[in-house]
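Survey of secondary and tertiary structure
Given next are the chains, with one letter for each unit.
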Amino acid sequence: MKRITSRTTEITIERRRSLVTRRTTKRRLSYCPICAREGEFVTPEEAAARASVTLRTIYRWLEDGKLHFIEQPGSELVICSESLA
Ligand SMILES: [Zn+2]
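Conventions adopted
Residues numbered from 1 in each chain as written. Predicted model: local features only at pLDDT ≥ 70, side-chain atom pairs only at ≥ 80, totals over all residues. Helix = DSSP H or I, 4+ residues; strand = E, 2+ residues; numbered from the N terminus. Buried ≥ 20, exposed ≤ 12 C-beta atoms within 10 Å, placed from the backbone. Contact = placed C-beta atoms within 7 Å. pLDDT = per-residue confidence, 0-100. Axes fitted to C-alpha atoms, helices over the stretch in contact; angles between N-to-C directions. Parallel < 35°, antiparallel > 145°, perpendicular 65-115°, else oblique. Nonpolar A, V, L, I, M, F, W, Y, C, P; charged D, E, K, R; others polar.

Counting secondary structure elements, the protein contains three helices and four strands. From first element to last, N terminus to C terminus, the protein shows the α and β order α-β-β-α-α-β-β. Burial analysis of the protein (85 residues in total) assigns 14% to the buried set. In the protein, 45% of the contacts between residues at least 6 apart in sequence involve partners at least 24 apart.

Quick look at the structure:
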């Protein structure tokens, strides 16, 4: 009985930890000059997952100017989540 309880606790902690990690690596707030306000920016991979399209489609949308994005020297390109909606 004691054994089962401790195992359940461990699983819960692990799950919580992985959720936190995922959130901090993928969500970030930045100022979007097109929306003219601060919004959530996501990586192209996350954008593809949210829009249920392939990464290639995301890059095509970026080229077409359909998506707002910011690109800073030394950091990866990130997409405004408002433009995904
Ligand atoms: Zn925007």
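For the protein, per-residue confidence averages 83 on the pLDDT scale, and 73% of positions sit at 70 or higher. Averaged pLDDT values over the elements of the protein bottom out at 61 in helix 1 (residues 2-26) and peak at 96 in helix 3 (residues 55-64).

All right, on to the packing of helix 2 (residues 44-51) against helix 3 then. In the contact formed by helix 2 and helix 3, the axes pass within 8 Å of each other and the chain directions differ by 105 degrees. Judged on the interaxial angle alone, helix 3 and helix 2 are roughly perpendicular. The segment helix 2 lies against helix 3, with Pro44, Glu45, Ala47 and Ala48 engaging Leu55, Ile58 and Tyr59. Partitioning the contact of helix 2 with helix 3 into residue classes produces six nonpolar, no polar and one charged.

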